[in-house]
Amino acid sequence: MRLYFLSERPAALKLNGAYLGVIDGFERFIDFDGNGKIFAEAIPDGDALPVNFFIDGALFTQPPEFLDVYLTDGDAVIYISRYEKRVRELKVIAQTVFCGGQYTLFTTDGRIYLNCENKTCSLYELPQTCANAKLIESSVGGFPVLLAEGEGYLVIISEEGKRVFYNAAESWQCGEKLTVTVNFNTCAGCRAVCTFAYNGLQMTLEKSKTEERIAPDGKILHFAFFESVLTHGDYAKYLCDDLKKSAAALPAFLGEFIDVSVPYKKFYESRGEINAAGLVYAVKKNLFTVKYFAVDVADGKITNIYEIT
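Notes on the structure follow.

What counts and how
Residues numbered from 1 in each chain as written. Predicted model: local features only at pLDDT ≥ 70, side-chain atom pairs only at ≥ 80, totals over all residues. Heavy atoms only, no water. Buried < 20%, exposed > 50% of the residue type's maximum accessible area, 1.4 Å probe, protein only. Helix = DSSP H or I, 4+ residues; strand = E, 2+ residues; numbered from the N terminus. Pairing = 2+ DSSP bridges. Contact = heavy atoms within 4.5 Å. Salt bridge = Lys/Arg side-chain N within 4 Å of Asp/Glu carboxyl O. Core = buried A, V, L, I, M, F, W, Y, C linked by side-chain atoms within 4.5 Å. Axes fitted to C-alpha atoms, helices over the stretch in contact; angles between N-to-C directions. Polar contact = N/O pair within 3.5 Å; in protein donor to acceptor, adjacent residues only side chain to side chain. Phe/Tyr/Trp six-rings, centres within 6.5 Å; stacked < 30°, edge-to-face > 60°. Lys NZ or Arg CZ within 6 Å of the ring centre and 35° of its normal.

### Considering the pairing of strand 6 (residues 51-55)
Logical step 1: Along strand 6, the buried face is formed by Val51, Phe53 and Ile55; none of Asn52 and Phe54, which line the opposite face, is buried.
Logical step 2: Where strand 5 (residues 38-44) and strand 6 come together, 5 bridges link them in antiparallel fashion. The partner of isoleucine 38 across the bridge, within strand 6, is isoleucine 55.
Logical step 3: Between strand 5 and strand 6, which pair antiparallel in sequence order, lie 6 residues; one of them, glycine 46, sits at a positive phi of approximately 75°.

Below, the structure written as structure tokens:
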């Protein structure tokens, strides 16, 4: 079993007390026979605290909250996604009164939260892109809403203090409907414009249109195809005429994957240079599986799609 290590910031990696090197956004790996336990410790630079954990069977079923674990082709990717700050402090970013309730956006221990105090009290953790977010009153469909506007991220709170929308967004517009533009980090530069209706309790997606702004190179056509399926784009354009007849069934065939990844070198060493991509599926919080799908291509069109097992 090969274990890959990544970290959201540079950190020194120790396994059973032995220094293995620095981990960061580029993977480092070891081979593990699966027997016994390995004590792992990552010591980050700067003002963050170290994290430690055991590598054993439990890690691959219930990872701690600071790890994301991806199970892939008999191997595993261990991504250290969060470090606590060494100096703990609470800082209010923004605060306002909305529809009789009080709303406070604050940061503590390096995390960002929105506290909603109305008829009930709700606490929502927000991404780091909301570190300088603003709280702004608006309305959608005639119903009042509170917007927490971050950098490339939007959170919408109902008049009762419940979170009704939260997603990455490049831009947005409130009115009779909510219109959101989302940029995806894809090789074809996908961008979606989504329209939501709001009844005062929940947002309902009414329509969405995805456009691809970059023509992908033939060598990455298969990645562009899977990303087009993921972003609900016009993925049928990548298919040959025979496959286009079954295009509507492809999302069900591929399942509810949440990301597209590049296979590791070991994958190609055993299977050759095939047109394959790793599709990432959520199992539970912080735990994911990766399944590999490949395509056959002729004359610039996909003629076959199959899972690699």
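### Overview of the environment of glutamine 102
Logical step 1: Among the structural elements, glutamine 102 can be located in strand 10 (residues 101-108).
Logical step 2: Sequence separation between glutamine 102 and alanine 169 is 67 residues; the distance between their C-alpha atoms is 25 Å.
Logical step 3: In contact with glutamine 102, other than residues within four places in its own chain, are Gln95, Thr96, Asn115, Cys116 and Glu117.

### Digging into the pattern of salt bridges
Logical step 1: A complete count under the given rule lists 12 salt bridges for this structure.
Logical step 2: Across the pair lysine 266 and aspartate 75 runs a salt bridge whose closest N-O atoms are separated by 3.1 Å. Taken together, the residues span a long stretch of sequence, with lysine 266 in helix 4 (residues 265-271) and aspartate 75 in strand 8 (residues 75-80) at a distance of 191 residues.
Logical step 3: Between glutamate 212 and lysine 237 there is a salt bridge, with the nearest N and O atoms lying 3.1 Å from each other. Placement of glutamate 212 in strand 20 (residues 203-212) and of lysine 237 in the loop between helix 1 (221-230) and helix 2 (241-244) is noted, with a sequence separation of 25 residues between them.
Logical step 4: Look at lysine 237 and you get partly exposed, because its relative accessible area is 36%.
Logical step 5: Here the residues in one salt-bridge network are Glu65, Glu84 and Arg111, joined through shared partners.

### Some details on the nonpolar core
Logical step 1: Counting residues in each nonpolar core, the largest one holds 25 residues, and the members touching the most others are Leu3, Phe5, Leu15, Phe53, Ile55, Leu59 and Ile80.
Logical step 2: Setting aside chain neighbours within four positions, we find isoleucine 55 in contact with Leu3, Phe5, Leu15, Phe32, Gly36, Lys37, Ile38, Ala40, Phe60 and Ile78.
Logical step 3: Leu221, Leu239, Ala247 and Val295 belong to the second largest nonpolar core, which has 23 residues in total.

### Some thoughts on the sheet that holds strand 17 (residues 171-174)
Logical step 1: Taken in spatial order, the 4 strands make up an open sheet running 17-18-19-20, and their pairing is antiparallel. The strands lining the two open edges of the sheet, one partner per strand, are strand 17 and strand 20. Averaged over all adjacent pairs, the angle separating strand axes in this sheet is 15°, with direction ignored.
Logical step 2: Relative to strand 18 (residues 178-183), strand 17 runs antiparallel, the two sharing 4 bridges. Counterpart to serine 171 in the pairing with strand 18 is threonine 181.

### Quick look at the sheet that holds strand 6
Logical step 1: On the basis of which strands lie adjacent, the open sheet formed by 4 strands has the order 3-2-5-6 and antiparallel pairing. In the strand order of this sheet, the two ends are held by strand 3 (18-23) and strand 6, each with one partner. The mean angle between the axes of side-by-side strands here comes to 25°, regardless of whether they run parallel or antiparallel.

### Points about the environment of lysine 284
Logical step 1: Within the secondary structure, lysine 284 is located in strand 22 (residues 276-284).
Logical step 2: According to the relative accessible area criterion, lysine 284 is partly exposed, its value standing at 36%.
Logical step 3: Those residues in contact with lysine 284 that sit more than four places away from it in its chain are Thr61 and Gln62.
Logical step 4: Of note is the side chain of lysine 284, whose polar atom sits 3.1 Å from the backbone oxygen of threonine 61.
Logical step 5: Polar side-chain contacts of lysine 284 include one of 3.0 Å to the side chain of glutamine 62.

### Some details on the packing of aromatic side chains
Given two aromatic rings, their pairing is described by the distance between the two centres and the angle made by the two planes.
Logical step 1: Under the counting rule described, the total for this entry stands at 16 aromatic pairs.
Logical step 2: Where phenylalanine 225 meets tyrosine 238, the ring centres are 6.4 Å apart and the plane angle is 75°; that geometry is what we call edge-to-face. You can see phenylalanine 225 sitting in helix 1 and its partner tyrosine 238 sitting in the loop between helix 1 and helix 2, a full 13 residues away along the chain.
Logical step 3: A residue is classified by how much of its surface remains accessible, and tyrosine 238, at 6% relative accessible area, is buried.
Logical step 4: For the pair phenylalanine 267 and tyrosine 292, a centre-to-centre distance of 4.5 Å together with 35° between the ring planes defines the contact as tilted. Within this pair, whereas phenylalanine 267 is found in helix 4, its partner tyrosine 292 is found in strand 23 (residues 287-298), the two being separated by 25 residues in sequence. Just as phenylalanine 267 is buried, tyrosine 292 falls in that class too.
Logical step 5: Each member of the aromatic cluster is reached from another via a ring pair, and the members are Phe225, Phe226, Tyr235 and Tyr238.
Logical step 6: Arginine 163 extends its terminal NZ or CZ atom over the ring of tyrosine 166, reaching a point 3.6 Å from the ring centre.
Logical step 7: Positioned above the aromatic ring of tyrosine 281 is the side chain of lysine 291, whose terminal nitrogen or guanidinium carbon lies 5.1 Å from the ring centre.

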